[in-house]
Amino acid sequence: MTTQQLLILIAVLIVLVLAVAGILVAVRKRRSQGDSTRPGRVQESDDGRSSLSPESATAAAKSRAEGQPGASPAASSADQGVQSASPASGASPNPDASTGSAGSAGSVDSRESSQSSSVGQVASSSQEELAHPEASASRMTRLKARLAKSPNPFGKALFAILTKDHLSESDWEDVEDTLLMADVGAEASEQLVKQLRDDARITGQKDPAAVRRGLRQRLIDLVDPDMDRTLAAARPQANRPSVIIMVGVNGTGKTTTAGKLARLFVADGKSVVMGAADTFRAAAADQLETWGGKVGVPVVRSDRDGADPASVAFEAAERAKNDHADVLIVDTAGRLQNKANLMDQLGKIRRVIEKNLPVDEVLLVLDATTGQNGMIQAKVFAQAIGVTGIVLTKLDGSAKGGIVISVQRELGVPVKLVGLGEGPDDLAVFDPESFVDGILGDE
């Protein structure tokens, strides 16, 4: 490189450095001008002393004139945020507020009185927002009507066949096929067909009303009205708290059913605590908390995802015991890495709870639309944790009401609750006669 080329390169570098320096000075000046116009900005005077900007000085003067402490707007907002975040705590929203030098003692008393009034209003508003669940006595009547309007209940199909003038062998085969398609089960279907063929009230009668009465009675006998379907918590000598563990695979509506069950107990005047022991599914605890919040039921949950579900169940049992609650409902996971892991976890949850309280009820939630797959699930859970009752959900969405009969025969435990619909009160204690009347439809 020649001397002339070197001089040109140096000159170009000097020009670039001066340009960058000019840009930086301009940016800094613009920022300084912008900051000086903001309310509450502390400005530095020529003599080196700091002072509030004109806007802030005006605001402070106005605040003093109204008898309020001369705090900055930011501090005032912070105080209000703490108060709204914990309205029921009863503690002072800002511990430093009572020691502030600005403002008179009278203004402090006024603020405290205003805060107390605000807390009372929040509590009153929260109380008013609590839902009033439908009483259990009226639920089955409403749900029976909904079941009668559901698509293709198998009772109607049976009734249509049996009211023919003459029943051929193929008609009886259609009866058996209808029962099998409704998931009544092979053994129960064969038994019912035999009873109907031998029953003179059915084979010898052409009157539809008589046929319906005979069919109704046979179906009620299959559903078995003599089974004790009373929830343990509703019995006169029930433990207090009465512990219910909800089990079932994900997708059957297990967590939703736990929330609806809490509403059912609240409607009957019982106090309830819920435990969110399904820590595998992140949204389960939030979902349960939403259900509890609507009826004023506390929910014990972990602050972190993937926590030990047994520890959550233990804490829930402690809470229910200390609160003298009538019922504790513990929701559990329905899916883990493998079946053995899930069943081991359920067993551990039960053992941990029983260190504090006896477990009175284990309710298995089954989706009625899953048919025989639901039967396989039922057997697995029954072997792992000892099921005491069945909850059938989505019973209004299919013609598979016969699963009521097959699951009871397979497990030897009763269907205790049925869910028909998405509403918060669409859960009712199972009644065999109302169920049969629903699937047969109106006369």
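Quantities reported herein were computed from a predicted structural model and do not represent experimental measurements. (Residues numbered from 1 in each chain as written. Predicted model: local features only at pLDDT ≥ 70, side-chain atom pairs only at ≥ 80, totals over all residues. Heavy atoms only, no water.)

How should the overall build of the protein chain be read in this particular structure?
The helix and strand tally for the protein chain stands at 17 helices and ten strands. Counting across all 443 residues of the protein chain, residues that qualify as buried make up 39%. For the protein chain, the share of sequence-separated contacts (at least 6 apart) that also reach a separation of at least 24 residues comes to 73%. (Helix = DSSP H or I, 4+ residues; strand = E, 2+ residues; numbered from the N terminus. Buried < 20%, exposed > 50% of the residue type's maximum accessible area, 1.4 Å probe, protein only. Contact = heavy atoms within 4.5 Å.)

Before we go on, may I ask you to explain the packing of aromatic side chains in this structure?
Each aromatic ring pair is summarised here by two numbers: the centre-to-centre distance and the angle between the ring planes. If you walk through the whole model with that rule in mind, you get one aromatic pair. When the ring of F430 is compared with that of F435, the centres are 5.2 Å apart and the planes differ by 55°; the resulting orientation is tilted. Note on F430: relative accessible area 4%, which makes it buried. (Phe/Tyr/Trp six-rings, centres within 6.5 Å; stacked < 30°, edge-to-face > 60°.)

Honestly, the sheet that holds strand 4 (residues 272-277) in this entry has me stumped. Any pointers?
Adjacent strands of a sheet pair through backbone hydrogen bonds, lying either parallel or antiparallel. Ordered by their spatial adjacency, eight strands build an open sheet running 5-4-6-3-7-8-9-10, and the pairing between neighbours is mixed. Of all the strands in the sheet, just strand 5 (299-300) and strand 10 (427-429) have a single pairing partner and so form its edges. As defined by bridge partners, strand 4 adjoins strand 6 (residues 327-332) across six bridges and the pair is classed as parallel. The residue of strand 6 that forms the bridge with V272 is V327. Against the sheet, helix 13 (residues 309-322) engages strand 4, strand 5 and strand 6, with an angle of about 170° to strand 4. Against the sheet, helix 14 (residues 339-353) engages strand 3 (242-247), strand 4, strand 6 and strand 7 (359-367), with an angle of about 170° to strand 3. (Pairing = 2+ DSSP bridges. Axes fitted to C-alpha atoms, helices over the stretch in contact; angles between N-to-C directions.)

How should helix 7 (residues 169-181) be read in this particular structure?
Because each turn of an α-helix spans 3.6 residues, side chains separated by three or four positions end up pointing in the same direction. In this model helix 7 runs 18 Å from its N-terminal to its C-terminal C-alpha over 13 residues, within 8% of the 18 Å that 1.5 Å per residue would give. D171, W172, V175, T178 and L179 are the residues of helix 7 that are buried. The buried residues of helix 7 occupy one face: seen down the axis, they fall within an arc of 115°. Backbone geometry just after helix 7 places D183 at a positive phi near 65°. (Expected span 1.5 Å × (residues − 1). Arc of directions from axis to C-beta.)

Got a minute to help me understand the pattern of salt bridges in this structure?
Between side chains of opposite charge, a pair can form as their charged atoms come close. In total, this model carries 18 salt bridges according to the counting rule given. Note that D437 is salt-bridged to R216, the shortest N-O span being 2.6 Å. Linking D437 in helix 17 (residues 432-440) with R216 in helix 10 (residues 208-223), this pair joins segments that are 221 residues apart in sequence. For D323, the salt bridge identified is with R319, shortest N-O distance 2.5 Å. Connected through salt bridges with shared partners, the residues K254, D278, R281 and D331 form a single ionic network. (Salt bridge = Lys/Arg side-chain N within 4 Å of Asp/Glu carboxyl O.)

How do you make sense of empty space enclosed by the protein when you look at a structure like this?
Rolled over the atoms, a probe with the dimensions of a water molecule shows which regions are left empty. The final tally for this structure, using the stated rule, is two cavities of 30 Å³ or more. One number sums up the size of the largest cavity: a volume of about 100 Å³. Forming the walls of the largest cavity are A276, D278, T279, R281, A282, A285, R301, S302, R304, D305 and G306. Partitioning the lining of the largest cavity into residue classes produces three nonpolar, three polar and five charged. (1 Å grid on protein atoms, 1.4 Å probe; cavity = no way out; pocket = protein on both sides within 12 Å on 5 of 7 lines; lining within 4 Å. Points joined across faces, edges and corners; volume = space filled by probe spheres on them. Nonpolar A, V, L, I, M, F, W, Y, C, P; charged D, E, K, R; others polar.)

Help me understand the environment of V295 in this model?
Note on placement: V295 falls in helix 12 (residues 282-295). Separated by 32 residues in sequence, V295 and R263 place their C-alpha atoms 6.7 Å apart.

Any chance you could explain the UniProt feature "transmembrane region" (unreviewed entry) in the protein chain here in plain terms?
Using the residue numbers shown here, the UniProt feature "transmembrane region" (unreviewed entry) corresponds to residues 6-27. Between the end C-alpha atoms of residues 6-27 there is a gap of 32 Å, over a span that is 100% helix and 0% strand. (UniProt positions renumbered as here; feature names shortened; annotations may be inferred.)

What exactly am I supposed to notice about the environment of D165 here?
With respect to the helices and strands, D165 occurs in the loop between helix 6 (154-162) and helix 7. On the basis of relative accessible area, D165 is assigned to the exposed category, the value being 59%. C-alpha of D165 to C-alpha of D207: the two residues are 42 residues apart in sequence and 9.5 Å apart in space.

Would you mind going over the packing of helix 11 (residues 254-267) against helix 12 with me for this structure?
Packed helices, taken two at a time, are described by the angle their axes make and the gap between the axes. Two numbers describe how helix 11 lies on helix 12: the axes approach to 9 Å, and their chain directions differ by 15°. Classified by the angle their axes make, helix 11 and helix 12 are roughly parallel. Every pair of crossing elements has a handedness; the one defined by helix 11 and helix 12 is right-handed. From helix 11, T255, T256, A258, G259, K260, R263 and V266 reach across to helix 12, where they touch A284, Q287, L288, W291, K294 and V295. Residues of the contact of helix 11 with helix 12, tallied by class, amount to six nonpolar, four polar and three charged. (Parallel < 35°, antiparallel > 145°, perpendicular 65-115°, else oblique. Left-handed = near helix turned anticlockwise from the far one by under 90°.)

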